[in-house]
Each structure stands twice: as C-alpha cells, then as structure tokens.
Amino acid sequence: MKITKIECYPVLLKIKRPMIFGGQVISGSDSVVVKIHTDEGIVGIAESGTASIQYSGESQDSVMGVINTAFGPEVLLGENPCNIEGLVSKMHNMTKHNNYALTIIDYALHDIAGKKFGIPVYQLLGGKSNPKTPLGYVVTRPKVEEWVEKAVAAIKAGFVGIKLKHAPTLEKDIENLEALRAALGYDVRIYLDVNGGWDYFQALHALRKLEKFNLLMCEQPLPWWDIDGMVRLRGRVGIPLCADESAVELSHLMQIIEKNAADMLYIKVAKAGGLTMAKKWVTIAQAANLPVMCGCMTGSGFEAAAQAHFIASTDWMSRFEQENTGPLTIHDVLDTVSQPITDDLAKNLPRYEQGYLYPPEGTGLGVELNEDLLKEWLSPGKHPTSIELHT
C-alpha cells in the first residue's frame, strides 16, 4: 500500500456560545481537515483542532503550507502509510515548530493503519488500558453568573473538576474564585489556567493571595520560556504548578524535570506532534513520576477521537482527570447521550456520558466524516488543496 494523494481543507468550526481565552472572546475555531488517499482505496481522515498563532505559533495557512510543500512531496507521497514511526521521524526532523501539521498527518496515518488491519487506533497504540476516562470541565463564559451556573451543572453531570481561566486583574480572579467556591464548596477540585499571562512578581503575589482557595494546581503561571522562573516560583508558593506552554518538545520535558520546575505536566496531542510523539512524551513524564493532564484544541469529534484513543491506550493517563472535551465546548453540551450532537464534522462522536469519555470502537479513529458540513464549513475566502503522486 502506498500514499497517492493528500487533500487539505481549511474549516471554521463555529462555537455555539463564545468562550474567553487570554482575555479575548473566541467564537470560532480555525482548523484543518486532511484526507490521505492510498492505492488500496483506504482513506485516512483527521482534523487538527484550533491552529492558534497565540498558543503554538502555527496557523491554518502554515499547517497546510508545510503539508503541501514539505511533508507531502518530500516524505509521504509514494510511501507505505503504515510505516508510521519512520514517516513521523522524517517529518519531525525536517522542520521546526510545525507540530500541528505533523499531528494531523500522524492522526490520518493511524486512521489508515487501523482501517487496514480492522482494529481501533487504541489497539495500535497498546490496547485499552483505560476503558473510560474521568473528565474535568473548563468554564469559559464571559459573565460570572453564566460560568458559575455551568460549573455547577458540570459537577452535577459527573465531571470531577473545574478549570477557570485567569482574569485581567488579580482582584477579578479573587472575585471569580470566591463565587466558584461559594457555589461548589471546598471539596470540588478547582484549577486556574493563566496561559503564561503573569510575570514572576505578579505570579508570586497572586498565588500567595490565592492559596486560601485550595486550588489543585495553577497551570502555566509564567511565559513559556521562563522555566527558571517556574523553579523559583515553585519554591515560594503553596499551590502546585503545572507546565503547559513550557512543555512542548521532549527536550523541554527534560529541562523541566531536571530543574524541578513543575509538579505536573499538561499535554495536548497536537502540541506534542501527534500520537507517536505523545506516547514518548508521556513516557518521559512517567519516568519522572509526574502526572499528566490532556487538554484539547477545541476541535470536532475527529480531534476528540484521536485523543480518546491516546488516553485509552496510555495507562499513565489514568492518574488524573482529563480535559479532552472539544465537542462539548463547541456544541455547548455536557454529554452526547442525553444531548446528542448532530451537526459536527464527525457523524459519530466519541461518547461522553456522566462525566466520562469513552474511546470509539470502530476501525481506525472510529469516526465518519460529514462531507456536507465539510463543504459548508470551509473557511471564508480559503480553498481546499490537493497534491498527488505522479508516476
């Protein structure tokens, strides 16, 4: 079997209720869908989740550009798509800072291999260690009363923790946490995500003020590049620190671990470079005895499915609740059983029920593409691309 054609589709996933990220109101997710065709008629399909300049330095255009000009013609076309490790290694070594592009290809290659051998992707990755995964919920509403109501509903629905994005001021963070604790009490797990928004002194001052709220952890309090600052901060505050934006490449993990810069680590499979790289990423974290939480890039059921297979197949991920909840955020629901989603790029999403995530059981990623919505949701002013093998 060999790869004969690669198609890229730039899509805009509309978020039904806008969310707050980094102080900005987000109403849509710029994503990329890839189809990898083979000479045996098997097509691997995958989706990247949000391609965010803010978070990763990659955009919709850069993801498609790297695939069309480098990964496709120089590595993939004409090759056996089941040689995943070798292909991923070549792509990883040929470019820098293109992990989202690498991820979407990695997902599609695993989809092909699973379909070829008639098994779910989690079997390719080692089997189903975690049949169901407890979830935390991220509240992102603009108004306090809205996200407090949503947080209460999430806990009642079975979610085990609530993540709050930090506010523009410390006073507002305190107000928000007071409201959340008043509604939920002090037994519910709460975490605060700063997305690298503080400098060292702001973080030191803020975290000391926030200790009274019994936070489970604070995620990425300092900019991604300030690992030494994380070391200093960790020694002077009582709230455990989690590294996200600082922990991208495998070498970053080694620095964080060697310097004792974090108490836990946060992965998004897209950030790590796909399923192949994510398994290595978590192995390093496990060697350091650091728990790992998996977030998402607010993607469709395709991104959620790929990450569900990763979480299900990785025993170390059972040590903590996870946040692979992109479709729930996009469609503003808390499960897919009592509130079925019918307008997603994936016709059959992973099952979310009573605060748990279940991996798909079909072959490959186990989800089917809604071709009509793919055409309807093309990003305004942008067009699909296609490159082919010429013999």
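These numbers were taken from a predicted model, which means no experiment stands behind them.

About the cut-offs
- All residue numbers here refer to positions counted from 1 along the written sequence of the relevant chain.
- Totals for whole chains, interfaces and linings use all residues, but because this is a predicted model, local features are given only for residues with pLDDT of at least 70 and pairs of side-chain atoms are given and counted only at 80 or more.
- To get the side-chain values, take all heavy atoms of the structure and skip hydrogens and water.
- Runs of H or I in DSSP of at least four residues are treated as helices and runs of E of at least two as strands, each being numbered from the N terminus.
- Computation of the radius of gyration draws on C-alpha atoms alone. For the globule rule, the value is 2.2 Å times the number of residues to the power 0.38.
- Only protein chains enter the accessibility calculation, which uses a 1.4 Å probe; a residue is then buried when its area is under 20% of its type maximum, exposed when over 50%, and partly exposed in between.
- When checking whether two residues touch, look at their non-hydrogen atoms; a contact exists if any pair is within 4.5 Å.
- Positive charges come from Lys and Arg, negative ones from Asp and Glu, while His and the chain ends are left out of the count.
- For this document, the term salt bridge refers to a Lys or Arg side-chain nitrogen within 4 Å of an Asp or Glu carboxyl oxygen.
- Here, any two strands with at least 2 DSSP bridges between them count as paired.
- Only the stretch in contact is used when fitting a helix axis, every axis being a line fitted to C-alpha atoms; angles between N-to-C directions are given from 0 to 180 degrees.
- In this scheme, roughly parallel covers angles under 35 degrees and roughly antiparallel covers those over 145, while 65 to 115 is roughly perpendicular and the rest are oblique.
- Aromatic contacts are taken between Phe, Tyr and Trp rings whose centres are within 6.5 Å, Trp giving its six-membered ring; a plane angle under 30 degrees counts as stacked, one over 60 as edge-to-face, and the others as tilted.

### With respect to the overall build of the protein chain
Check the secondary structure of the protein chain and you find 15 helices and 14 strands. Taken over the C-alpha trace, the protein chain has a radius of gyration of 20 Å; the compact-globule value for 391 residues is 21 Å, and the two agree within 12%. When its C-alpha atoms are laid out on the principal axes, the protein chain stretches across 65 × 45 × 40 Å. Residue burial in the protein chain is summarised as follows: out of 391 residues, 58% are buried. The long-range fraction of contacts in the protein chain, counting pairs at least 24 apart against all pairs at least 6 apart in sequence, stands at 72%.

### Here's the deal with the side chain of Glu249
Examined against the element boundaries, Glu249 turns out to sit in the loop between strand S9 (241-243) and helix H10 (250-258). Notably, Glu249 is buried but unbridged: the nearest opposite-charge side chain belongs to Lys96, and the N-O separation is 10 Å. Setting aside residues no more than four positions away along its own chain, Glu249 makes contact with His92 and Asn99.

### Comments concerning the sheet that holds strand S13 (residues 356-358)
Taken together, 3 strands build an open sheet; the order of strands is S4-S13-S12 and the sheet is antiparallel. Each edge of the open sheet is held by one strand with a lone partner, namely strand S4 (133-134) and strand S12 (351-353). Taken together, the 2 bridges between S4 and S13 define a ladder with antiparallel strand orientation. Bridge pairing in S13 links Pro134 to Tyr356.

### Let's talk about unusual backbone geometry
A positive phi angle, close to 55 degrees, is found at Asn214, a residue other than glycine. Counting through the fold element by element, Asn214 comes out in the loop between helix H8 (200-210) and strand S8 (217-219). For Asn214, a relative accessible area of 47% corresponds to the partly exposed category. With a phi close to 50 degrees, Thr298 is a non-glycine residue in the positive phi region. One can find Thr298 in the loop between strand S11 (292-294) and helix H13 (301-313). Of the residues examined, Thr298 reaches a relative accessible area of 12% and is grouped as buried.

### As for the pairing of strand S3 (residues 43-47)
With 4 of its 5 residues buried, S3 lies for the most part within the structure. The pairing of strand S2 (residues 24-38) with S3 spans 5 bridges and is antiparallel. Across the sheet, the residue bridging to Lys35 is Ile45, located in S3. Hairpin remark: S2 followed by S3, antiparallel, with 4 residues in the connecting loop; positive phi at Gly41, about 85 degrees.

### Details of the packing of helix H3 (residues 84-94) against helix H4 (residues 99-117)
Following both chains from N to C, one finds H3 and H4 inclined at 170 degrees, their axes separated by 11 Å at the closest point. Judged by the inter-axis angle, H3 sits roughly antiparallel to H4. Across the interface between the two elements, Ile84, Leu87, Val88, Met91 and His92 from H3 touch Asn99, Leu102, Ile105, Asp106, Leu109, His110 and Ala113 from H4.

### Things to note about the packing of aromatic side chains
Counting across every chain of the model gives 1 aromatic pair. Plain terms: the ring middles of Tyr137 and Phe159 are 5.3 Å apart, the flat faces sit at 75 degrees to each other, and that makes the pair edge-to-face. With a gap of 22 residues between them, Tyr137 in strand S5 (residues 136-139) and Phe159 in the loop between helix H6 (144-156) and strand S6 (161-165) connect regions that are remote in the sequence. With respect to burial, Tyr137 and Phe159 carry one shared label: buried.

### Here we look at the pattern of salt bridges
Counted under the stated rule, the structure contains 22 salt bridges. Each of Arg17, Glu146, Lys150 and Asp332 takes part in salt bridges that share partners, so that together they form one network.

### A few points about the sheet that holds S6
With parallel pairing, the 7 strands of this open sheet are ordered in space as S5-S6-S7-S8-S9-S10-S11. The two strands at the open ends of the sheet, each matched to only one other strand, are S5 and S11. Within this sheet the neighbouring strands show an average axis-to-axis angle of 30 degrees, counted without direction. Where S6 meets strand S7 (residues 189-193), 5 bridges bridge the pair, whose relative direction is parallel. Each bridged residue has a counterpart across the sheet, and for Gly161 the counterpart in S7 is Arg189. Where helix H7 (residues 170-184) meets the sheet, it contacts S6 and S7, and its direction lies at approximately 160 degrees from that of S6.

Any link to function would need more than the numbers given here.
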